[in-house]
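# Inside the fold
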Amino acid sequence: MKRFFTQVRKAELCRGWKGLQVLVVMSLFSNSLFAQPADVSPALPGSMTGGSEQNFASPGSATQHSELYQGTSGATEINPALLKKAWPAKWITCPDVNQRAYGIYHFRKKITLATKPDKFLLHISADNRYRFFVNGKPVCFGPARGDFYNWYYESIDVSKYLKAGENTLAAVVWNMAELASVAQFSNQTAFVVQGDGEKEKIANTDKSWKVYQNTSYHPVSLDNMERLQSYMVIGPGDYVKASKYPWNWEKPAYNDLQWKAAEPITSPEPMGSGTDNRWTMVPRSIPLMPENLQRFDKIRRSTAALGQSDILQGKKALVIPAGKKVSILLDQGFNTVAYPEIILSQGKGAKVKLTYAETLFKNGVKGNRDEVEGKTLIGNYDIFEMDGSSQRLFRPLWQRTYRYLQLDITTAGQSLTINDIYGMATGYPFEENASFTSNDPSLKAIWNVGWRTAKLCAGETYYDCPYYEQLQYEGDTRIQALISLYVSGDDRLMRKAINDFYNSRVPEGLTQGRYPSNRIQVIPPFSLYWISMLHDYMMLKNDNVFLKKYMIGVDGILNWYKNQIDTEKNMLGPMEWWHFTDWSKGFTGMGVPPGAEDGNSSILSLQYAYTLKQAADLYKHFGQQGKADECTELAKSIGKGTLKHCYDPARGLVADSPEKTSFSQHANIMAVLSDAIDPEEAPKLMSEVLKDNTLIQATFYYRFYLNQALKHADMGNLYYGRLDPWRDMLKAGLTTFAENPDPSRSDCHAWSASPNYDFLATICGITPLTAGFETVQVKPELGELTEVSGRMPSPKGEIAVSVSKSNRKDADITVKLPAEMKGELIWGGKKIPLNAGENHFNL
């Protein structure tokens, strides 16, 4: 979601560093830039799968990565007492500091165990965020983003990190204060560990824990919005002075005698408990975010003649001489979300600036994303200032989004060695459990880039975009959730999103337009999309207990909208808040269509009618037939009133308002989806929508609804012929799909990944016929394609469809359904029953 400023492999770091060579930049202006000193062998951090314990630590302390964070805290059984009453542990903090100011803090406690435990379950959280270590090894980070009413904690069995005897528990906790991302709620700096039972209570946070304020950090990259001229609210960069950093703080051997005793704050209270809660504790409901090693693809340019240095493969170190300034542009080869990590040695007083960007600019224009010649990198950044020691690892506190990473290095009186640089890719661990192939290879490229886009836009919440905002908006999330369910089948992030938006409701009954968000933003059309999300979930999943509790939210949204009706016209009247519809040229600069503020917007009225029909399905599903009937009749009334005042018979189109001075694809799309237009007239209307270029055009976001309208008008075969915008993005070097057609702000926006849904739901034609995916409809819409094959998960098992057309009339069709599933195949206007197992037809 755009806001203008007026956004591998599992890690295997224990590779052979033995005999590693060092490349030395001898001169920035000669052809003989490198020398290779004999047998320089820097020590590599130990690995969780092997290797020795090294005297090594860093701001990131990413000392072991194999299998890092691969577990989940969502399925862990929690001591029931911790779900009902105040915890014995205490929230703790650092004494004698401003509790709501920017700060980074380290906490430690030593515990002694008689034997190595088979299980040792800890519940961990912090404000703002934390990274937790056991005996020097990173275990997890969090908490999952929520709000004060839903403050999440991670439940982690740390037994595999423990041993008989003395053990060290440690955590880094940070508070970005007023600089925090908009997605971050915060009360004050705080940290908590609660042991699950009697044997684990030794780990409980209280004044026996020690704390240290890390003054090596201060915030940078605070002017992102000015430099990028875009809304960017992901938080600050990190400036770290190595000379002030408490190296090895998380290791058992570290001397913490000078650290202060932690200060207890209050008792953690679970949901439904407490009278003065600062944070209401709820268990994390999603998996932990994994980290996977990701090597850069190439060096694209440098002010020194580096060539393609083996530094990118971790095979050779690179030495920058004293008193030099060097700029090196690294290309990941594709957009990514990762924790960049750089290992440095010597170079006392050297400064290394890491700047991150999705692409480069030339005179404000992005152009082809693969091209760098004559272009400038503008982006958010971190800075690390060296202390002259060996094997210092810098890693920012929070993830970064980039395809390009530029190193700007200034050395002082000592040469600087870059031992290694790489990324630790992270994000929600969606698995690709679906596939799609066809006789058009360009669709496979679209599928792959779309899935990468969807994955980069998913973490502890869905993100509209990972670079600029990392905020969860209903309009974006509805499309993202459909992609997740179709391609992965994993509904946990969708369930969290549904609950997040439910918790965002304002007194009027509307959900906020984005959430979690520490700033209020209400987008009423997005509240309607939240209802659409509930309808999607009802059709695609089978959990009525989960779904039913949100129906009170449906009531509130529909009550608000009912109060906005202009009863003379049976359309929506003047409305408050931000009625974003699409970033189309022809709407206002904030994406608002005519009539939103002064009344009688056909687009918004018809979206309301469309949602009323979905709400009717939801009410009927839960046995509330009276409400269902009311929604059905009101949808008809709104549709009829809108057509009466906005349909232009001369153009054969629905105008955007009764003044009929503005016409868009959007109004007519919603006229079809809401059934305001007679179904027999829908094909004619949609034909006009496609051919009339004077209409305000739908951007990538609203093309999702354009295609739904084509399918609703029985014109889904036209979908394949309308994919050129995605092919054009690939030709322009995009490795994820952009927010809008160029000029686009964000190069990674999951609403533009909708083909990953439509390749399965439209081309293969797989959609639920009844709630809970109890039965299936298969209606392939191949267009000009001749070969198509797709498979996807469902609650009952995998559904697979393959179609081969030997000519324009004949087709071999195979549909495989899981046990206990039935359905129907629609082909050539005929309905054919489908049964569990393999169904084969020659039609």
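Residues numbered from 1 in each chain as written. Predicted model: local features only at pLDDT ≥ 70, side-chain atom pairs only at ≥ 80, totals over all residues. Heavy atoms only, no water.

## Some thoughts on the environment of L718
The following threshold applies: Where helices and strands are cited, they refer to DSSP runs of H or I of at least four residues and of E of at least two residues respectively, numbered from the N terminus. Two residues form a contact once any of their heavy atoms are found within 4.5 Å.
Summarising the element assignment, L718 is placed in the loop between α12 (700-712) and α13 (724-731). Between the C-alpha atoms of L718 and L782, which are 64 residues apart in sequence, the distance is 8.4 Å. With residues near it in sequence (within four places) discarded, L718 still touches L690 and L710.

## Looking at the layout of surface pockets
Under the convention used in this document: Buriedness for pockets is judged along seven lines, at least five of which must meet protein on both sides within 12 Å for an open set on the 1 Å grid over protein atoms alone, while cavities are sets there where a 1.4 Å probe fits but cannot get out, and lining residues have an atom within 4 Å of a point. Grid points are joined across faces, edges and corners, and a volume is the space filled by probe spheres set on the points. When residues are grouped by polarity, Ala, Val, Leu, Ile, Met, Phe, Trp, Tyr, Cys and Pro land in nonpolar, Asp, Glu, Lys and Arg in charged, and all others, Gly among them, in polar.
Considering only enclosed or pocket space, the largest pocket measures out at about 1000 Å³ in volume. Along the wall of the largest pocket there are 26 residues; nearest its centre are H535, Q708, H712, T767 and P768. Where the lining of the largest pocket is concerned, the elements lending two or more residues are α3 (474-487), α5 (524-540), α8 (602-621), α12, α14 (755-763) and β32 (766-768). When grouped by side-chain class, the residues that make up the lining of the largest pocket number 11 nonpolar, seven polar and eight charged.

## A closer look at unusual backbone geometry
Put simply, G142 and P143 share a cis peptide bond, and its omega is -5 degrees. In this structure, P143 sits in the loop between β7 (137-142) and β8 (151-157). Here the residue pair D742 and P743 is connected by a cis peptide bond, since its omega of 5 degrees sits within 30 degrees of zero. In this structure, P743 sits in the loop between α13 and α14. Despite not being glycine, Q229 has its phi angle at roughly 50 degrees, a positive value. By secondary structure assignment, the location of Q229 is in the loop between α1 (224-228) and β13 (237-241). The residue W577 is not glycine, and still its phi comes out positive at about 75 degrees. Turning to its location among the elements, W577 is positioned in the loop between β29 (571-572) and α8.

## Description of the environment of R284
Rules: For this analysis, a polar contact is any N or O atom pair within 3.5 Å, provided that within protein one partner can donate a hydrogen and the other can accept it, and provided that sequence-adjacent residues contribute only side-chain to side-chain pairs.
The residue R284 is located in the loop between β17 (280-283) and β18 (291-294) in this model. In sequence terms R284 and Y152 are 132 residues apart; their C-alpha atoms lie 5.2 Å from each other. Within the local environment of R284, its side chain forms a polar contact with the backbone oxygen of I286, the two atoms lying 3.0 Å apart.

## Here we look at the pairing of β7
Test applied: Buried, partly exposed and exposed residues are distinguished by accessible area as a fraction of the type maximum, computed with a 1.4 Å probe on protein chains only: under 20%, between the cut-offs, and over 50%, respectively. Two strands make a pair as long as DSSP finds a minimum of two bridges between them.
The element β7 is extensively covered by neighbouring structure, given that five of its six residues are classed as buried. Where strand β6 (residues 129-134) lies against β7, five bridges are found, and the strand directions are antiparallel. Pairing of Y130 across the sheet is with G142, part of β7. The turn joining β6 and β7, which pair antiparallel and follow one another in sequence, is formed by two residues; a positive phi near 50 degrees is taken by N135.

## Describing the packing of α8 against helix α10 (residues 665-673)
Stated precisely, the cut-off is as follows: Every axis in this analysis is a line fitted to C-alpha atoms, fitted for helices over the stretch in contact. Angles between the N-to-C directions lie between 0 and 180 degrees. Note that the term roughly parallel is reserved for angles under 35 degrees, roughly antiparallel for angles over 145, roughly perpendicular for angles of 65 to 115, and oblique for everything else. When the near helix sits turned anticlockwise from the far one by under a right angle, the crossing is termed left-handed; a clockwise turn instead gives a right-handed crossing.
Following both chains from N to C, one finds α8 and α10 inclined at 25 degrees, their axes separated by 8 Å at the closest point. One way to sum up the angle between α8 and α10 is to call them roughly parallel. With respect to the hand of their crossing, α8 and α10 are arranged in left-handed fashion. Across the interface between the two elements, S602, I603, L606, Q607, Y610 and K613 of α8 pack against H666, A667, M670, A671 and L673 of α10. Here the residues of the contact of α8 with α10 sort into seven nonpolar, three polar and one charged.

## Describing empty space enclosed by the protein
Put simply, the largest cavity is a space of about 170 Å³. In this structure, the largest cavity is lined by 15 residues; those nearest its centre are W174, M176, S181, I234 and W398. Taken together, the residues that form the lining of the largest cavity break down as seven nonpolar, four polar and four charged.

## Observations concerning the pattern of salt bridges
Defined as follows: By definition, a salt bridge exists where a carboxyl oxygen of Asp or Glu is found within 4 Å of a side-chain nitrogen of Lys or Arg.
The tally for this structure, following the rule as stated, stands at 42 salt bridges. The residue E166 makes a salt bridge to K110 at a minimum N-O spacing of 3.8 Å. Placement of E166 in strand β9 (residues 165-175) and of K110 in strand β4 (residues 103-113) is noted, with a sequence separation of 56 residues between them. Residue classification places E166 among the partly exposed positions, given a relative accessible area of 46%.

## Thoughts on the nonpolar core
Note the following rule: Residue types Ala, Val, Leu, Ile, Met, Phe, Trp, Tyr and Cys, when buried and joined through side-chain atoms within 4.5 Å, form a set referred to as a nonpolar core.
Of all hydrophobic cores here, the largest spans 184 residues; its most connected members are W530, Y608 and Y705. Each residue touching Y608, except ones within four places of it in the same chain, is listed here: L528, L558, Y561, K562, I565, L572, L634 and I638. Ranked by size, the runner-up nonpolar core spans 45 residues in total, among them Y245, I299, F384 and L397.

## Quick word on α12
Definition in use: For a helix, the expected span equals 1.5 Å multiplied by the number of residues minus one.
An ideal rise of 1.5 Å per residue puts 18 Å on 13 residues; α12 measures up with 19 Å between its terminal C-alpha atoms. Taken across its 13 residues, α12 has 11 buried, putting it largely inside the fold. Three or more residues of α12 are buried, namely F700, Y701, Y702, R703, F704, Y705, L706, N707, Q708, A709 and L710. Immediately downstream of α12, the backbone of D714 shows phi near 60 degrees, a positive value.

## Thoughts on the packing of aromatic side chains
Convention followed: Stacked, tilted and edge-to-face are the three classes applied to pairs of Phe, Tyr and Trp rings, where Trp contributes its six-membered ring and a pair requires centres within 6.5 Å; stacked means planes under 30 degrees apart, edge-to-face means over 60, and tilted covers the rest.
Under the criterion given, the structure shown has 49 aromatic pairs. Ring geometry for W151 and W279: centres 6.5 Å apart, planes at 65 degrees, overall edge-to-face. Of this pair, W151 sits in strand β8 while W279 is found in the loop between β16 (269-270) and β17, placing the two residues 128 residues apart along the sequence. Residue W151 shares its accessibility class with W279, and that shared class is buried.

## Concerning the pairing of β9
Here β9 lies mainly inside the structure; nine of its 11 residues are buried. Pairing geometry for β4 and β9, over 11 bridges, is antiparallel. Among the inter-strand pairings, G103 is bridged to a residue of β9, identified as N175. Pairing analysis gives six bridges linking β6 to β9, with the strands arranged antiparallel. Counterpart to F133 in the pairing with β9 is A170.

## Description of the confidence of the model for the protein
Short version of the rule: Residue-level confidence of the predictor is summarised by pLDDT, bounded by 0 at the bottom and 100 at the top.
Per-residue confidence for the protein averages 91 on the pLDDT scale, and 91% of its residues sit at or above 70. Counting interchain partners and residues more than four positions distant, the pLDDT-below-50 stretch residues 2-58 has 167 contacts. In the predicted structure, residues 60-74 sits below a pLDDT of 50 and forms 69 contacts with residues beyond four places in sequence or in another chain.

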